[in-house]
Each structure stands twice: as structure tokens, then as C-alpha cells.
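Summary of the model geometry
Here is what each chain is made of, one letter per residue.
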Amino acid sequence: MRRRNSLAAITTVTILVVILHYIGWLIPVENFLRSIVNRGSAIAYEQGLEINKIKFKTVQDLENAYKDAIEKNIEQEGIVARIKLLEEQNKKLRQELNYLTTTTYQYLGAEIIGKNVDPIANTLIINRGTKDNIKVGNPAIAYNGILVGKIIRTEADTSIIRLLQDGQSKIAATLLNLDYSIGLIEGGYGVSVQMNFIPENEKIEINDQVVTSGLEEGIPRGLLIGNVKAVKKEAYEPFQQAIVKPAIQTNLLDSVVIITNKL
Amino acid sequence: MRKFISIIGYAIGIVILAIIHIGVIYLLPEPYVKLNIIFVFIVLILLIREKGTVVWISFFLHLFLELYATTPFGIILFSGTLSTLLTYWFYQSVFTNKSWFAAMAISIVAISSYRIFYITLLVLTQFVFNITKVVFTPLLLTSLWELLFTTLLVGLIYLVLSKKLRKFDTKVIYS
């Protein structure tokens, strides 16, 4: 009898809280609770990043990392020069065609204050919300063009980003191969993501880059997602899959940029 | 007055635990990051205090988590609180002995029931409201990692505590 009573009491209170939440009467209480946790969590996250920073165990490790960085830098310089050249050409061609610019977005910086509330989900909590014009579906990027995830929940002062690796994450993507194959990047595969629905006859090379296709509302084309690490292909299936390693390690991030509405 | 101080203490504890869960646990590498620190504490509080208060502590802890969750509001709160109630009943009537394996068994009951309630509610919202899409393979895999690491940590902490706390010492007979 006592057990039945306690079960009834707990269930009633829980249902009541859920109803009050959906009616909107709990908003002031929720905002107050959030403001307490946000402050503590932001400090804890910042301290955590300090601990989590890459440390070298030996001088040799540091030297190797330095050599790698120099090699990558030389490679990058070449790429930057080519991009500049292409940008110039692109600008001239657009002028000649009298191209109308329609894809200008607004960018908003946000600080990460927490991560993964539920062990099952892969999410980030940021200190920007509806007050800053952030909406569900807005993409979050890092380092000037690497896609981190999409906004899936917004509150007045905070928002939740669903990372690419999350089991429910889905992003329309394009492979930078000869065919510019289109597919769907899906999470739920550990630290990697999988690009599905790539037509079976299109050729994919290891290390091909994957970028956003621009076919999704609010997500510009060309945001880097990652590189192909393996290809899964069966002769009897109409589609092949590519295992993609995301271009960014999200556990080292302390801030992101949210792309909001077009201007 | 004593009760008031106790409530304040619980409130501060709940906030600190929520902060640890949201802002610190991510530091662990994969797959250890799947550890459910909230249930580690719930099980330990249940073993130390042996009172039904643990259900209300669980309610408020899961309410904090719900504020940042990606699932429809209520799923974490409902599954978290009900699984703690179920675990409390199990502790009262089944796993009554004081040992590290009983502590681990309680942890298994807590996490398993939590995930069963959670997945059931998630599937229900998928069918009724079409809000979420449940992808079972990663969900079950993550739940297993969560169960493993949470149970191991509970067992480990219990072993350490049993050396320090007289309450956990099975050699002491209370009369």
C-alpha cells in the first residue's frame, strides 16, 4: 500500500512538472536553475580544457610535432596561394556575369559551457540563445569553416548543438571527388561519421574531402565536414557508404561560431 | 533548523553534481565518457542514507539534466525518477546485504531500468508525436558501456568506502 502511494506521488509530481513545462509556467524556474548551473558549468568547462590540452611527454615528441607543423604549414601556404588565385578569378567571372549575391549569412560567436548531458547524446551547450536570434537548425562552425553540428534546442540564454557524431545527426553533404557525389552524413558510429546514399557507380578515393552540399535550409555550401577514411561497397546494393573522419576534435573546443539567418 | 540546513545541503549537492555531470565528465576519453555519474551518486546515497529521500534527490537531479536535454521534456525526468524508486524497492526487499557485489547489482538494476524506461518513452514519442528517430544500434551499445563503467565505479567506490566507513563493514554486528 505504502509503495503504491509513493509510486502515485512520484508519478503525479513528474507528470505535473511535465505539464507545467509544456504550458510554459515553469519557464521562470527553469531559467533560474539554468542560470545557476550555467555559471558553474562554464568555469568547470574552462578549467577542464586547460587540463585536456595536448601535452608532450618527451622532447622528441615535441620535435616531431614541430616538424609536422612546418611541413603542414608549407603545404597550407601553397593551398592558400591557389585559393587566392581562384578567388580573384571567381570575383572577375562573377562581375562579368553580373552575379547577384544571395548567400550572405550572419555569424555569431558563442562560448561552450558544457557537454553531453545524456551519455547517449553527443551535444554541446553554448551561452547564446533566442535572445541572440539563434534558431533551431542553424549550423555551428569552428576555425572559420569546419562544421561542428546543428542547433537543436534553444532557450533564452543557452542553446544545444547536436554534434555530427550524434546518433540522430543528419547533414546533406557533397564529396569533393570527380562526380561531386551527394549523400547524407549520419552520426552514431563512434568518433567517425558515415556518408550514406552515395550512388554505387561514383568513384570515391581515400582522403577525399566532404563538405556541406548547401541543399539544406540555412546551411551554406562548402563547410568542411571531414575526410574519407574507408569505403563500404557491395556489388548488389544501389548505394555505397564512406566512413568519414570529422575534421575537428570537439573535445578541445572552447568556442564556436553560429551561422544565423541570411542577411 | 536542522532540517532546513539539511535541505540547503542537499540543494547545493544537487547543483554541484549537475555541474560535474555537464561540465567535467566530458574530460574522460571514449568510451569512459559514457559513465553515468548521476547514478553512481544516487546508488551511493541510497547505500549510505538508506532513505526514500534518494528518489527526490534523483527527481531534482534529472530535472536539472532535463533543462539541457535533446529529448522531449519529461523523458529523462520520468525514467530517472521511476528507476530510482524501483532501485530503492529492490534495495529494501532483494539486495539487502552489505557487500560490493550487492552494490554493483543495485547499480545494474538502476541503469538497466533507467534505460528501459528511457528507450520505451523515446520509442513512444517516435510513434505518437514523430519527434525523435530512434537509432537502436548506437543507443544499445552506449547503454552497455554506460552500464559497465557505472557499475564498475560503484563497486570500486564501495570497496574503498567499506574500508573507511563502519556502516559498510560487514564484520561489525549491530545490536
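All values reported here derive from a predicted model rather than from experimental measurement. (Residues numbered from 1 in each chain as written. Chains lettered and ligands numbered in written order. Predicted model: local features only at pLDDT ≥ 70, side-chain atom pairs only at ≥ 80, totals over all residues. Heavy atoms only, no water.)

Time to look at the overall build of chain A. Along chain A, the regular secondary structure elements total three helices and twelve strands. Expressed as lengths along the three principal axes of its C-alpha atoms, the size of chain A is roughly 75 × 50 × 45 Å. Taking the contacts inside chain A whose residues are at least 6 apart along the sequence as the reference set, 55% of them involve residues at least 24 apart. When the accessible surface of chain A is split by element, carbon and sulfur atoms take 56% of a total near 15600 Å². When the 30 basic and 29 acidic side-chain charges of chain A are each reduced to a single mean position, those positions are 6 Å apart. (Helix = DSSP H or I, 4+ residues; strand = E, 2+ residues; numbered from the N terminus. Contact = heavy atoms within 4.5 Å. Areas by Shrake-Rupley, 256 points an atom, 1.4 Å probe, with all protein chains shown as cover. Lys, Arg positive; Asp, Glu negative; His and termini not counted. Charge placed at Lys NZ, Arg CZ, Asp CG, Glu CD.)

Bringing the pattern of salt bridges into the picture now. Residue and element names in this part refer to chain A. Under the defined criterion, the tally for this structure stands at ten salt bridges over all chains. In this structure, Arg128 engages Asp132 in a salt bridge whose closest nitrogen and oxygen atoms are separated by 3.3 Å. Judged by relative accessible area, Arg128 falls into the partly exposed class, the value being 26%. Salt-bridge contacts for Lys150 lead to Glu216; the nearest nitrogen and oxygen are separated by 2.6 Å. You can see Lys150 sitting in strand 4 (residues 146-154) and its partner Glu216 sitting in the loop between strand 9 (209-212) and strand 10 (224-232), a full 66 residues away along the chain. The structure contains a network of salt bridges with shared partners spanning Glu30, Arg34, Arg153 and Glu155. (Salt bridge = Lys/Arg side-chain N within 4 Å of Asp/Glu carboxyl O. Buried < 20%, exposed > 50% of the residue type's maximum accessible area, 1.4 Å probe, protein only.)

Our focus in this paragraph is the pairing of strand 7 (residues 182-189) of chain A. Residue and element names in this part refer to chain A. Bridge count between strand 6 (residues 170-175) and strand 7: five bridges; the pairing is antiparallel. Bridging from a neighbouring strand, Lys170 pairs with Glu186 of strand 7. Linkage of strand 6 to strand 7, two consecutive antiparallel strands, is achieved through a turn of six residues, within which Tyr180 is found at a positive phi near 50°. In this structure, strand 7 lies alongside strand 8 (residues 192-199), joined through four bridges in antiparallel fashion. In the sheet register, Tyr189 faces strand 8, and the bridge partner there is Ser192. Remark: two residues form the turn of the hairpin made by strand 7 and strand 8, two consecutive strands paired antiparallel; Gly190 in that turn has positive phi of roughly 75°. (Pairing = 2+ DSSP bridges.)

Further remarks concern the environment of Gln194 of chain A. All names here are of chain A. By secondary structure assignment, the location of Gln194 is in strand 8. Classification of Gln194 as buried rests on a relative accessible area of 5%. C-alpha of Gln194 to C-alpha of Asn31: the two residues are 163 residues apart in sequence and 37 Å apart in space. With near-sequence residues (within four places) excluded, Gln194 lies in contact with Leu184, Ile185, Glu186, Tyr189, Lys232, Gln241, Ala242 and Ile243. Separated by 3.3 Å, the side chains of Gln194 and Lys232 make a polar contact. (Polar contact = N/O pair within 3.5 Å; in protein donor to acceptor, adjacent residues only side chain to side chain.)

Right, let's talk about a nonpolar patch on the surface for a bit. Residue and element names in this part refer to chain B. A surface patch of nonpolar side chains, about 650 Å² in accessible area, is lined by Met1, Phe4, Ile5, Ile8, Ile12 and Ile16. Mapped onto the elements, Ile16 comes out in helix 1 (residues 2-23). Ile16 sits in the partly exposed class, given a relative accessible area of 45%. (Patch = residues over 30% accessible without salt bridge, like charges linked within 9 Å, V, L, I, M, F, W, Y side chains within 5 Å.)

Residues and elements named next belong to chain B. Here helix 4 (residues 75-93) crosses helix 5 (residues 100-128) at 145°, and the two axes come no closer than 8 Å. Between helix 4 and helix 5 lies a crossing of right-handed hand. In contact with Ile75, Ile76, Phe78, Ser79, Gly80, Leu82, Ser83, Leu86, Thr87, Phe90 and Tyr91 of helix 4, helix 5 contributes Ile106, Val109, Ala110, Ser113, Tyr114, Phe117, Tyr118, Leu121, Leu122 and Thr125. Classifying every residue of the contact of helix 4 with helix 5 gives 15 nonpolar, six polar and no charged. (Axes fitted to C-alpha atoms, helices over the stretch in contact; angles between N-to-C directions. Left-handed = near helix turned anticlockwise from the far one by under 90°. Nonpolar A, V, L, I, M, F, W, Y, C, P; charged D, E, K, R; others polar.)

With 47 residues of chain B in contact, the opposing surface of chain A contributes 45 residues. At the boundary of chain B with chain A, total buried surface from both sides reaches about 4100 Å², with 69% on carbon and sulfur atoms. Joining chain B to chain A, the criterion identifies zero salt bridges. The greatest single-element share of the side of chain B that touches chain A, amounting to nine residues, is contributed by helix 4 of chain B. Class assignment of the residues belonging to the side of chain B that touches chain A gives a composition of 30 nonpolar, eleven polar and six charged. (Buried area = accessible area lost by both parts, 1.4 Å probe.)

Here we come to unusual backbone geometry. Residue and element names in this part refer to chain A. Positive phi, close to 50°, is recorded for Tyr180, a residue that is not glycine. Along the chain, Tyr180 falls in the loop between strand 6 and strand 7. A positive phi is found at Asn207, a non-glycine position, where the angle reads about 80°. You can call Asn207 partly exposed: its relative accessible area is 45%.

Time to look at the nonpolar core. Counting residues in hydrophobic clusters, the biggest one holds 63 residues, and the most contacted among them are Phe64, Tyr68 and Tyr118 of chain B. Residue assignment for this core shows that the elements contributing at least two residues are helix 1 (2-23) and helix 2 (27-52) of chain A together with helix 1, helix 2 (37-49), helix 3 (53-66), helix 4, helix 5 and helix 6 (136-164) of chain B. If we skip the residues at most four places from it in the chain, Tyr118 of chain B touches Asp118 and Ile120 of chain A together with Thr71, Ile75, Ile76, Ser79 and Leu139 of chain B. The next biggest cluster of nonpolar side chains, apart from the first, holds 21 residues, and it includes Ala110, Ala142, Ile151 and Leu163 of chain A. (Core = buried A, V, L, I, M, F, W, Y, C linked by side-chain atoms within 4.5 Å.)

Secondary-structure assignment places Thr260 of chain A in strand 12 (residues 255-262). What Thr260 of chain A contacts, discounting residues up to four positions off in sequence, is Tyr105, Gln106, Asn133, Ile134 and Asn138 of chain A.

With that out of the way, let us pick up the packing of aromatic side chains. Enumeration over the complete set of coordinates arrives at eight aromatic pairs over all chains. Taken together, a centroid distance of 6.3 Å and an interplanar angle of 90° make the contact between Tyr22 of chain A and Phe73 of chain B edge-to-face. With Tyr22 of chain A in helix 1 and Phe73 of chain B in the loop between helix 3 and helix 4, this residue pair bridges two chains. Ring geometry for Trp100 of chain B and Phe101 of chain B: centres 5.6 Å apart, planes at 85°, overall edge-to-face. Relative accessible area serves as the criterion here: at 49%, Phe101 of chain B is assigned to the partly exposed category. Residue placement shows Arg115 of chain B over the ring face of Tyr118 of chain B; its charged tip is 4.6 Å from the ring centre. (Phe/Tyr/Trp six-rings, centres within 6.5 Å; stacked < 30°, edge-to-face > 60°. Lys NZ or Arg CZ within 6 Å of the ring centre and 35° of its normal.)

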